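# Coordinate analysis (summary)
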4 protein chains.
Amino acid sequence: MKRRKIKFGLVGLGRLGYEHTKNLSESIASAELVAICDMNEEALRTTAEEFDIPKTYTDFEEMCKDPEIEAVVIVSPSMFHVNQVKIAMDAGKHVFVEKPLDTSIEKCKECEEIVAAHPELTFSIGFMRRFDKSYKIAKQKIDNGDIGRIILVRSYCQDNKKFIDMAIKFGPHSGGQFLDMCIHDIDTIRWFAGGVEAREMWGIGGCYEYEEYKNWNDGDNVSALIQFEDDTMGFMFAGRAAAHGANIETEIIGTKGTLRIAAVGTDSLLEVLSENGVCRECYPDWQARWHDAYIDELADFADCIITGRKPEVTVQDGTKTLEIAYRCKESFESKKMLKMRD
Amino acid sequence: MKRRKIKFGLVGLGRLGYEHTKNLSESIASAELVAICDMNEEALRTTAEEFDIPKTYTDFEEMCKDPEIEAVVIVSPSMFHVNQVKIAMDAGKHVFVEKPLDTSIEKCKECEEIVAAHPELTFSIGFMRRFDKSYKIAKQKIDNGDIGRIILVRSYCQDNKKFIDMAIKFGPHSGGQFLDMCIHDIDTIRWFAGGVEAREMWGIGGCYEYEEYKNWNDGDNVSALIQFEDDTMGFMFAGRAAAHGANIETEIIGTKGTLRIAAVGTDSLLEVLSENGVCRECYPDWQARWHDAYIDELADFADCIITGRKPEVTVQDGTKTLEIAYRCKESFESKKMLKMRD
Amino acid sequence: MKRRKIKFGLVGLGRLGYEHTKNLSESIASAELVAICDMNEEALRTTAEEFDIPKTYTDFEEMCKDPEIEAVVIVSPSMFHVNQVKIAMDAGKHVFVEKPLDTSIEKCKECEEIVAAHPELTFSIGFMRRFDKSYKIAKQKIDNGDIGRIILVRSYCQDNKKFIDMAIKFGPHSGGQFLDMCIHDIDTIRWFAGGVEAREMWGIGGCYEYEEYKNWNDGDNVSALIQFEDDTMGFMFAGRAAAHGANIETEIIGTKGTLRIAAVGTDSLLEVLSENGVCRECYPDWQARWHDAYIDELADFADCIITGRKPEVTVQDGTKTLEIAYRCKESFESKKMLKMRD
Amino acid sequence: MKRRKIKFGLVGLGRLGYEHTKNLSESIASAELVAICDMNEEALRTTAEEFDIPKTYTDFEEMCKDPEIEAVVIVSPSMFHVNQVKIAMDAGKHVFVEKPLDTSIEKCKECEEIVAAHPELTFSIGFMRRFDKSYKIAKQKIDNGDIGRIILVRSYCQDNKKFIDMAIKFGPHSGGQFLDMCIHDIDTIRWFAGGVEAREMWGIGGCYEYEEYKNWNDGDNVSALIQFEDDTMGFMFAGRAAAHGANIETEIIGTKGTLRIAAVGTDSLLEVLSENGVCRECYPDWQARWHDAYIDELADFADCIITGRKPEVTVQDGTKTLEIAYRCKESFESKKMLKMRD
């Protein structure tokens, strides 16, 4: 009996789009990438050639008309997300969309309706941390009650300082630290804390090294403290310039124990003993950190389509994380502690 | 030439008082403990016998009249601190007083005046973390510019869950987590951040396991986010019941690097490999954690008397940490983000 | 342009054979597994079905006659290895054979001749550690001169105690610890030390817990000290029953620095803080430890075929590691320190 | 009741002699150092002044005639040890002698007789590792059966490369790596393994960087594999030039678990996160590594005198470790595996 392979189309050949393209082409046994779409024809051509992808499109609607395609991966700029979700789902395609769900809460709400209107289709969002091995084991232990009731979730997201120039260049279009980076921390905290609602938050930060971030009302390093409806506390920190690499760490403090993920961020088992002491060298970038998780989230998505199982990440997760991120951003900008709902 | 030994008197034979008594008697070459004072005559007698201390007093004023005593260590309940500082300094004694400086800002201000009136005497406060080996190296690296400008200091203070019954019993008289535990984290943050003033803070928390803490308007676990005048961020977390031991850790994130102290809290170099994996066993209690620092802070104090050097910890440090601690407590109780000064 | 996929046949559906089957079917973009061979017809049928493999054989010679097959992976019992290499290469197939190369030095020498007779074909052996991320980085650092001249390589290989019953059952047919486990350590040491020849060795050990191993002249735990021609020292330890998991660690001590691989054996970034202290949970078994390396070694083999590049692991590596392993075994059995060559 | 303080005399003001002098003067409550002896009058004078020691001697016999002195610490060159033990014990003094016990087995046997002739006096040897906190906890766990039967003890002893010039200068007079460094590892292994006798050993090594060591028939790095009468295995490695600091680590592999001591050698709890990754800075020298153990071994010795308790380290331990060390050295020099007894 032939194993089922879901036929995918993908839109958006940026850095993460390229990752997903490579993974769908080479590393996911239950997937076959048959088409890619981008307005950059040169990128389209070379990528199609590199991964031997038969079809290319510059028009997303055209790609969605292709009856061979069963599922679409949306990695385009955020402001196009929900519009493309609508086009794809109306064309009968399963949809996997990158975070953030879109750039406004209104759009997210619209997306909730689109998804609700297509219960026959599988929909999910790219919160890849949930598919990381360490995060998954942590979640199992939490659900198993190993650490008791959650008291505090602390989540850090720092990029490698090596890429600060690119980060600054991309900064004005990124939505800012709270929308671009903390969105993952917010999902992480909500997921570990059991999906509770935020009650209040205070976002602070500043420009500690790169004054450019002030130009778009952002900080080069920011943090936020959140208290949830059930009193769970969340603390986030995001920065663009960690000397030791891409540092994404999470700690979950419970009444019976504590879990820490990636206090030392590396999947290399190597220790280097030199004049510097005993050293571990860390992930250089987020691509290295999440390599396996990016594969596993799409493999899981394909499996959901094949088996009819519902993905764990829902459209509501997309809306709620964005609501919290916006509220943190508003707190940062207004210099006020805010309630989640006025 | 005979080495100089400062002759000490000590008041307060509680747990920490006993530590200081033992250290002054046995481990500090430049100190000689000649008198102890407590209202508990039984404790007085057995402790004097155990450490071969010649004189005992039940009246602090009487002890301060003893011309042999050059310096006094005050480890009595907090509300007596400043009054005793005054008695001792007016009697011409050098004074080392435990944290917190007292239980009100007014008393702290009064203490500032007393100290100012006795420039000929050495005065310091028991912020022992500053004398811990790891904290000292961290401070040197920071002052050396190794990690650049400070962005965020995170400081945790958790007691071992084993002692929760005692903690609850002592709870109503402790002043609450912010005054009793966070006071050290506040001093740590201020010290590493270069003595800057707090601008705003938000304290939150709750009773996640022990409802008793509500009885005295406290939480069993609390946290606070502080922003300082120069934008430095401080995050504190305090809890009474860590499963893995006494967990006191501090992280200093700078623009050029990050320092972490006691992510794994133990001075044992032992790793245990068993069915549980590869494990490090942690400090059971704060006495074990700060054993050497308690010795070194008093040795340093004695050395300041001998050499005339000024102690690094000043009476103003005592006032300012208490001001911040009270403001965090007020924020926690009022459920409002507060400015340091209205 | 269509990407090239090498068409593979595989013989031997034991535990490792199943791993390779799964990897060739699902995880190696440049490979296509078109046929499997085993004498167990039930295993053949279910495996072919699970991975959708079109052809099955119970006769290895028959499989080698299949003109569609370009390369063969041999994972059969060791005593069949070289005979099957001959059949396959004579049939014009590229060959990847599992370690050990065979069960006698004579057979290894015979294999060298077979391989020499087919310079047009790609041949390699399954020393998967060389493809592990951490081992690869270590090798680069060594070749780069980072740790200077190699003084000592220490290499441990321990199975998880959970599987001791299976290990004992398989014990009499395993060849013993030196041939079955240390063969990898020997290759590791030779590889890091730059391919030097062994000069002398002393193998010792005993039955510390499982007397059964005496029945086949083996120990449940053994070690060997080797000195190489250039004075480099090698120390190996192999055991069947580590409480904390599958423990495979290597240390390379050089004149300028030291490298350690997998002192804590886990690719999970999770730390668990509980009554046991701060713990890392380790790899449960070798399949988990080498999962990625098993994929990468076959992907590299396929790439060698496609590009004409020579594999790093040669047939001579297979002979030499086996010679050393036999000599260590002989030392253990005779209780004598031995020279490599009499 | 006045606490008892044992009055000590000390001979030998080298580096370790200075350490002991400082500790006896400042850090051991049950000791009082009343006299020091050395042929270097300048060293005598300045040290006596620094630590306020009342009496100085250039003649050891003279010092032993002083009736005030109850106990003598011998830190003179090794070849004087047993002669001085005899003088001191015959004069009725308790004796603590540094390792090695002397420079020949004959002298050790003679010492056994001297000690046997003075059952009323306390005698011990400076195997300070046994008093290190981590080693003590390990020993308790072993004695408690936590790791089952001991299979292998691995023990490393490396000096910091920074001090290589001094090490080479001192090399010809050191007795060589096996006598000077491995003596501690041998005691460690015997202690953990329960005092068993060695059966066979093979010592190897070479000059990997510093050819000077050949001049006195030694290596700059050496190792030895030992099998004990009960099959326990011991592996030692000693080197003079570790890049990352003074590296003294021990691993005990048992049938139920494994213990590791000082895999990362530092009592600082600081982690430095920088371009080098996540780093721990290690002990710079053996003085730092054993600071507390040097204090605790003499405090324990004083306590044995006061209480009449027998010290754990016996004169026989001194003889047996030296026998093994000499046999390893002989194996290294003769390039033969040797039986402990011919």
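Residues numbered from 1 in each chain as written. Chains lettered and ligands numbered in written order. Predicted model: local features only at pLDDT ≥ 70, side-chain atom pairs only at ≥ 80, totals over all residues. Heavy atoms only, no water.

### Quick notes on helix 6 (residues 133-143) of chain B
Among all positions of helix 6 of chain B, only B:S134, B:Y135, B:A138, B:K139, B:K141 and B:I142 are buried. Buried residues of helix 6 of chain B, viewed axially, fall in a sector of 160°; they line one side. Opposite its buried face, helix 6 of chain B presents the exposed residues B:Q140 and B:D143, each directed more than 90 degrees away. Buried residues along helix 6 of chain B sit against strand 7 (150-160), helix 9 (182-192), strand 11 (247-254), strand 12 (258-261) and helix 10 (286-307) of chain B together with strand 13 (270-274) of chain D. One side-chain oxygen of the residue at the start of helix 6 of chain B lies 3.1 Å from the amide nitrogen of B:S134, identifying that residue as B:D132. The positive-phi residue at the C-terminal boundary of helix 6 of chain B is B:G145, with phi of around 85°. (Buried < 20%, exposed > 50% of the residue type's maximum accessible area, 1.4 Å probe, protein only. Helix = DSSP H or I, 4+ residues; strand = E, 2+ residues; numbered from the N terminus. Arc of directions from axis to C-beta. Contact = heavy atoms within 4.5 Å. Polar contact = N/O pair within 3.5 Å; in protein donor to acceptor, adjacent residues only side chain to side chain.)

### Quick word on the relation of the copies chain C and chain A
Once chain C is rotated about the relating axis by 180° and shifted along it by 0.0 Å, it coincides with chain A to within an RMSD of 0.1 Å. Taken together, these values place the two copies in the relation of a two-fold axis. An overlap of 100% is found between the interface residues of chain C and their copies at the interface of chain A, pointing to a shared contact surface. (Least-squares fit on C-alpha atoms with pLDDT ≥ 70 in both.)

### Concerning the pairing of strand 5 (residues 94-97) of chain B
Residues and elements named next belong to chain B. Where burial is concerned, the two faces of strand 5 agree: the one with H94 and F96 and the one with V95 and V97 are both buried. Taken together, the four bridges between strand 4 (residues 71-74) and strand 5 define a ladder with parallel strand orientation. Paired with I74 across the strands is V97, a residue of strand 5. Where strand 5 and strand 6 (residues 123-125) come together, three bridges link them in parallel fashion. Bridge pairing links V97 to I125 in strand 6. (Pairing = 2+ DSSP bridges.)

### A short note on the interface of chain C and chain A
Each partner contributes to the interface: chain C provides 34 residues, whereas chain A provides 34 residues. Across the interface of chain C and chain A, roughly 3100 Å² is buried in total on both sides, 48% from carbon and sulfur atoms. Run the count over chain C and chain A and you get six salt bridges. With its nearest N and O atoms 3.6 Å apart, the salt bridge here joins C:R260 to A:E271. Broken down by secondary-structure element, the contributors of at least two residues to the side of chain C that touches chain A are helix 2 (41-51), helix 6 (133-143), strand 12 (258-261) and strand 13 (270-274) of chain C. When residues in the side of chain C that touches chain A are grouped by element, the largest group, five residues, is from helix 6 of chain C. The residue makeup of the side of chain C that touches chain A, split by class, is 15 nonpolar, five polar and 14 charged. Of the strand pairs in this sheet, strand 12 (residues 258-261) of chain A and strand 13 of chain C are connected by four bridges, and their pairing is antiparallel. Of the residues in strand 13 of chain C, the one forming a bridge with A:I261 is C:L270. (Buried area = accessible area lost by both parts, 1.4 Å probe. Salt bridge = Lys/Arg side-chain N within 4 Å of Asp/Glu carboxyl O. Nonpolar A, V, L, I, M, F, W, Y, C, P; charged D, E, K, R; others polar.)

### Digging into helix 2 (residues 41-50) of chain D
Residues and elements named next belong to chain D. Among all positions of helix 2, only A43, L44, T47 and A48 are buried. Projected down its long axis, helix 2 shows its buried positions confined to an angular sector of 120°, all on one face. Buried positions along helix 2 lie against helix 1 (15-26), strand 2 (31-37) and strand 3 (55-57). Of the residues that open helix 2, the one with a side-chain oxygen 3.0 Å from the backbone nitrogen of E42 is N40. The first or second residue beyond helix 2 is D52, which carries a positive phi of 60°.

### A look at unusual backbone geometry
The linkage connecting B:K99 with the following residue, B:P100, adopts the cis geometry, with an omega of -10°. Topologically, B:P100 is positioned in the loop between strand 5 and helix 5 (105-116). Phi at A:D52 takes a positive value of approximately 60°, unusual for a residue other than glycine. Within the element layout of this structure, A:D52 appears in the loop between helix 2 (41-51) and strand 3 (55-57). The partly exposed category is assigned to A:D52, whose relative accessible area is 22%. One non-glycine residue, D:N217, adopts positive backbone phi at about 60°. Within the secondary structure layout, D:N217 lies in the loop between strand 8 (198-206) and strand 9 (221-228).

### Things to note about the sheet that holds strand 5 (residues 94-97) of chain A
All names here are of chain A. One open sheet accounts for six strands, arranged 3-2-1-4-5-6; its pairing is parallel. On the outer flanks of this sheet lie strand 3 and strand 6 (123-125), each paired with one strand and no other. Across this sheet, the average inter-strand angle for adjacent strands is 25°, counted without regard to direction. Each of strand 2 (31-37) and strand 3 touches helix 2; the most contacted strand, strand 2, lies at about 160° to it. The strands touched by helix 10 (residues 286-307) are strand 1 (6-11), strand 4 (71-74), strand 5 and strand 6; relative to strand 5, the strand with the most contacts, the crossing angle is about 160°. (Axes fitted to C-alpha atoms, helices over the stretch in contact; angles between N-to-C directions.)

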